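Listed below are the residues making up each chain.
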Amino acid sequence: MWGRGFLQRARFAQLSPSSSSSRSLLSAASAAPPNSLYFQYQRGRWFGCSTEKMAPVRDPNTLSNYDAWRTRHTTANLKIDFTAKCLRGSVILELESQTDKASKEIILDSSYVTVNSIKLNSAPSSWETKARTEPNGSPVHIAVPEGAAKGEVVNVEIELATTDKCTALQWLTPAQTSDKAAPFMFSQCQAIHARSLFPCQDTPDVKSTYDFNITSPYVVVASGVPVPDETKDLGEEKLYKFQQKVPIPSYLFALSSGEIASAPVGKRSCVCTGPNELKASQWELEGDMDKFLEAAEKIVFPYRWGEYNVLVLPPSFPYGGMENPIFTFATPTIISGDKQNIDVIAHELAHSWSGNLVTSCSWEHFWLNEGWTMYLERRILASIHGGDAHFDFSAIRGWKALEEAIKEYGEDHEFTKLCISHKGIDPDDAFSTVPYEKGFHFVWSLDRLVGRENFDKFIPYYFGKWSNKSLDSYEFKDTFLEFFSAPEYSDLKGKIASIDWEGRFHSTGLPPKPEFDTSLADVCYELAEKWKSKDFIPSPSDVALWTGNQVLVFLNAVQDFEEPLTVEQSQALGKAYGLSESKNAELKAAYYHIAMRSKDASAYQGVADLLGEVGRMKFVRPLFRGLNKVDRELALKTFEKNREFYHPICRQMVEKDLGVSEAGNSS
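Note that the structure is a prediction, hence the values are computed from the model and not measured.

Describing the overall build of the chain
Okay, step 1: Within the chain one finds 22 helices and 23 strands.
Okay, step 2: Structurally, the chain occupies a C-alpha span of about 80 × 70 × 55 Å along its principal axes.
Okay, step 3: Within the chain, residue pairs in contact and separated by at least 24 positions form 72% of the contacts whose partners lie at least 6 positions apart.
Okay, step 4: Accessible surface, the chain: about 26900 Å² in total, of which carbon and sulfur atoms supply 50%.
Okay, step 5: Charge separation in the chain, taken as the distance between the mean sites of 71 positive and 87 negative side-chain charges, equals 3 Å.

Here it is in structure tokens:
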């Protein structure tokens, strides 16, 4: 792929034309298409043309001119209006000029936001919201007639209100909450949904500090540290204040409000959730939070965010977790009463370094966030559980998920690459297991190549160098090569030269499969083999001493049988191992996939019932696709029944999966 990555690779290399690396880049430039960014950049660099006008905007999913202006601080003064189901108030952006009065306008991303007025440095400004283009929304153009000197900061104050088309918010009625006492609201801004809250530079390539001043009749949680003693009573409402002093991209802006109670679960951690769920959530998480933090700090370096808390959201939350700083937003499916699903917390905690502190510059390089996070998650879990066998066991499960994702797309699909072109693409459409697991396998391959002892020295170097910054895949490559060019690693020169960077970044399909330590998985495969015989009689004792994840690996193996189980076998499986009655959504969903493949019609209603209880897309989308194949009528009926239960992001994706219009009619 000739494009922004190559431009950045060259820009950061800072090489002379006579160097070997420069000759390599020149050779690549000569092979590139003449109209490509890479060709144009190299032609300008080595043949005397000025490159000053070439904008370092490398995110195709923003319409903002962040090459000319960069947000340094954001103040959100917002009221949560549960009656109108909107946020209203003002947002103040402090933007630093990147040119010497060359830019006469500021362009911000927006999507279905009502903008009432805009002030520039406290004075009314001329502004216009341009026509909408999909998938990036409606840019807001703000006039800066005199421009600004390089380094000068201007204040843009925007009076606004969200609309019913806002894709970042979900509003729940009291009836949709467990205690039925109060409404609930939460945000989900990843990937490009912050622009539906307020106009902003909605790109991971721009980071800002934040002040949150949020008014609500109910408790508020935000992606900042609560300001001590600053909560103010305003009659029936309260003003809640938070600060985020570590610069974060817009997709990590997060709010939630409702009947929220909290309890401590560690020295630096608390859990927040509905009052009815608090006791169970505290039991599930306490005792592990400190272990997770300490293990992560030993691998990278000390945690830089102060507190690490978890907000367990209502069931309609579409993800396993969202790594919002200070408060991870988590699915209630992790609260399964058996501590078997809290690995999600290790993952979201790992994001405190990979993704939040060091961020991919665009969604085209999303694997830098998620691949690294999967690697750190597995290192954390191996440290806690005692050995690399646990690392490999988790990786085996991930490989299975990766195989399924690539099979679903097709081996040659663009979305099976690590670096995916996002021109004209909504990042949500490209979201899958691929950047997580394929990215993980690339990071792990580098670990194995240079050796764990050496790689452990690279980890803090990488995260230290790029802290509070954003980067692309080629800057990661340059950082790796830079570190291992030191004399003490000269014995690795041949190995490092063998890395096929272009193949890793741009090849479709599965990556090379490593040799896993299968010691924890072998017993799972052995039981699965027994189920290939129709005469096998199961017993609860088969899995009585297993972890939930071992049961899941067993179920995945059964799911992969060339010949599906018979209806009788499927029913015996669910009954003997208590799967259909399990509170563990991972196990229940895996069992229902086996049942649907067996055409066990008695399980279809159970699938429909589960789809009315969970909103996590990891379960919802595959279950709907499976149900649609065996009973489309029930699938459509179930979707219509639960349409408003699902988060807008989830709802839109399921509509595409089922091939239905926004109105819910068959297409």
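Focus on helix α11 (residues 452-465)
It helps to recall that an α-helix has 3.6 residues per turn; residues three or four apart then point in one direction.
Okay, step 1: The end-to-end C-alpha separation of α11 is 20 Å, in line with the 20 Å expected for 14 residues at 1.5 Å each.
Okay, step 2: For α11, the full list of buried residues reads N454, F455, F458, I459, Y462 and F463. One side of α11 holds all its buried residues, which, seen down the axis, span an arc of 150°.
Okay, step 3: The secondary structure elements touched by the buried residues of α11 are α5 (289-299), β22 (358-360), α7 (367-385), α10 (434-450), β23 (469-471) and α12 (473-483).

Concerning unusual backbone geometry
Okay, step 1: Here the bond from E134 into P135 is cis, since omega is 0°, no more than 30 degrees from zero.
Okay, step 2: Mapping P135 onto the fold places it in the loop between β6 (127-129) and β7 (140-143).
Okay, step 3: Along the chain, Q190 connects to A191 via a cis peptide bond; the corresponding omega equals 10°.
Okay, step 4: Of note, the phi angle at Y112 is positive, near 55°, even though the residue is not glycine.
Okay, step 5: Note on placement: Y112 falls in the loop between β3 (105-108) and β4 (113-120).
Okay, step 6: Residue class for Y112 comes out partly exposed when judged on its relative accessible area of 31%.
Okay, step 7: Positive phi, close to 65°, is recorded for N468, a residue that is not glycine.
Okay, step 8: Along the chain, N468 turns up in the loop between α11 and β23.

A closer look at the pairing of strand β2 (residues 86-97)
Okay, step 1: Pairing of strand β1 (residues 69-81) with β2 involves 12 bridges; the strand directions are antiparallel. Among the inter-strand pairings, L78 is bridged to a residue of β2, identified as G89.
Okay, step 2: Summarising the sheet, β2 and strand β8 (residues 153-162) pair through nine bridges and their orientation is antiparallel. When the sheet's bridge partners are listed, E94 is paired in β8 with N155.

What to know about the packing of helix α16 (residues 548-559) against helix α18 (residues 585-597)
Okay, step 1: Where α16 contacts α18, the axes come no closer than 10 Å and their chain directions differ by 15°. Of the possible angle classes, the one that applies to α16 and α18 is roughly parallel. For α16 against α18, the interelement crossing comes out left-handed. Contact with α16, carried on its side by G548, V551, L552, L555, V558 and Q559, involves E586, L587, A590, Y591, H593, I594 and R597 of α18 and no other residues of that element.
Okay, step 2: Classifying every residue of the contact of α16 with α18 gives eight nonpolar, three polar and two charged.

A look at the sheet that holds β3
Okay, step 1: Read from one edge of the open sheet, three strands run β3-β7-β6, paired in antiparallel fashion. Each edge of the open sheet carries a strand with a single partner, namely β3 and β6. Sheet twist, expressed as the average angle between the axes of neighbouring strands with direction ignored, equals 15°.
Okay, step 2: Note that β6 and β7 share three bridges and pair antiparallel.

A short note on the pairing of β8
Okay, step 1: Strand direction decides the pairing type here: β4 and β8, joined by seven bridges, are antiparallel. Counted as the bridge partner of K119 is E157 from β8.

Structural notes on the pattern of salt bridges
Okay, step 1: Using the criterion set out here, one finds 31 salt bridges in the structure.
Okay, step 2: Two residues, R72 and E96, come together in a salt bridge whose shortest N-O distance is 2.7 Å. Residue R72 is located in strand β1, and its partner E96 is located in strand β2; the two are separated by 24 residues in the primary sequence.
Okay, step 3: Judged by its relative accessible area of 22%, E96 is partly exposed.
Okay, step 4: Notably, a salt bridge pairs K465 with E482, separated by 2.9 Å at the nearest N-O pair. Taken together, the positions of K465 in helix α11 and E482 in helix α12 put the pair 17 residues apart, joining distant regions of the chain.
Okay, step 5: Given a relative accessible area of 38%, E482 falls into the partly exposed group.
Okay, step 6: Taken together, the shared-partner salt bridges in this structure form one network comprising R58, D205, D472 and E475.

Notes on the nonpolar core
Okay, step 1: Membership of the largest hydrophobic core comes to 197 residues, with the highest contact counts inside it found for W372, F476 and F554.
Okay, step 2: Setting aside chain neighbours within four positions, we find W372 in contact with S354, W367, V443, F455, F458, I459, Y462, F463 and F476.

Here we look at α12
Okay, step 1: Taken across its 11 residues, α12 has eight buried, putting it largely inside the fold.
Okay, step 2: Within the span of α12, buried status applies to S473, Y474, E475, F476, K477, T479, F480 and F483.
Okay, step 3: For α12, the side-chain oxygen to backbone nitrogen distance between the N-cap and Y474 is 3.0 Å, and the N-cap itself is D472.

Remarks on the packing of α18 against helix α20 (residues 617-630)
Describing two packed helices takes the angle between their axes plus the distance from one axis to the other.
Okay, step 1: Orientation of α18 relative to α20, taken along the N-to-C sense of each, is 15°, at an axis distance of 10 Å. The angle between α18 and α20 falls in the class roughly parallel. Remark: the crossing between α18 and α20 carries left-handed chirality. Contacts from A585, E586, A589, Y592, H593 and M596 in α18 reach K618, F619, P622, L623, G626, L627 and V630 in α20.

Some details on the confidence of the model for the chain
Okay, step 1: Here the chain averages 90 in pLDDT, while 91% of its residues score no lower than 70.
Okay, step 2: Note that residues 1-55 has pLDDT below 50 and, in this model, 85 contacts with residues that lie over four places away or in other chains.
Okay, step 3: Predicted confidence is poor over residues 663-667, with pLDDT under 50, and the contacts of this stretch with residues over four places away or in other chains come to 11 contacts.

What to know about the side chain of T215
Okay, step 1: Relative to the helices and strands, T215 resides in strand β11 (residues 208-216).
Okay, step 2: Non-local contacts of T215, meaning those with residues more than four positions away in its chain, are made with L78, K79, I80, L234, E237, K238 and L239.

Procedures and definitions
The residue numbering used here restarts from 1 in each chain and proceeds along that chain's sequence as written. Two thresholds apply to this predicted model, a pLDDT of at least 70 for residue-level local features and 80 or more for giving and counting side-chain atom pairs, whereas whole-chain, interface and lining totals are computed over all residues. Only hydrogens and water are removed before side-chain values are computed, so all heavy atoms of the structure are retained for them. Helix and strand labels come from DSSP, where a helix needs a run of H or I of at least four residues and a strand needs a run of E of at least two; each type is numbered from the N terminus. Note on contacts: a residue pair qualifies if any of its non-hydrogen atoms lie within 4.5 Å across the two residues. Surface accessibility follows the Shrake-Rupley procedure with a 1.4 Å probe radius. Residue values consider only the protein chains on display as shielding. When charges are counted, neither His nor the chain ends are considered; positive counts come from Lys and Arg and negative counts from Asp and Glu. Note that the charge is assigned to NZ on lysines, CZ on arginines, CG on aspartates and CD on glutamates. Given a helix with a known number of residues, its expected span is that number minus one, times 1.5 Å. Throughout this description, buried means an accessible area under 20% of the type-specific maximum (1.4 Å probe, protein chains only), exposed means over 50%, and partly exposed covers the range between. The directions considered for the arc are those from the helix axis to the C-beta atoms. A pair of strands is labelled paired if DSSP reports no fewer than 2 bridges between them. Every axis corresponds to a line fitted to the C-alpha atoms, with the helix fit spanning only the stretch in contact, and the corresponding angles, defined between N-to-C directions, vary from 0 to 180 degrees. Here the angle decides the label: under 35 degrees means roughly parallel, over 145 means roughly antiparallel, 65 to 115 means roughly perpendicular, and every other value means oblique. Put simply, a crossing is left-handed when the front helix is turned counterclockwise from the back one by less than a right angle, and right-handed when it is turned clockwise. Under this grouping Gly is polar, as are all residues other than the nonpolar Ala, Val, Leu, Ile, Met, Phe, Trp, Tyr, Cys and Pro and the charged Asp, Glu, Lys and Arg. A carboxyl oxygen of Asp or Glu within 4 Å of a side-chain nitrogen of Lys or Arg is what we treat as a salt bridge. Among the buried residues, those of types Ala, Val, Leu, Ile, Met, Phe, Trp, Tyr and Cys that are joined through side-chain atoms within 4.5 Å form a nonpolar core. N or O atoms within 3.5 Å of each other form a polar contact, as long as, within protein, one can give a hydrogen and the other can take it, and as long as residues adjacent in sequence are counted only when both atoms are side-chain atoms. What pLDDT reports is the predictor's confidence in each residue, on a scale of 0 through 100.

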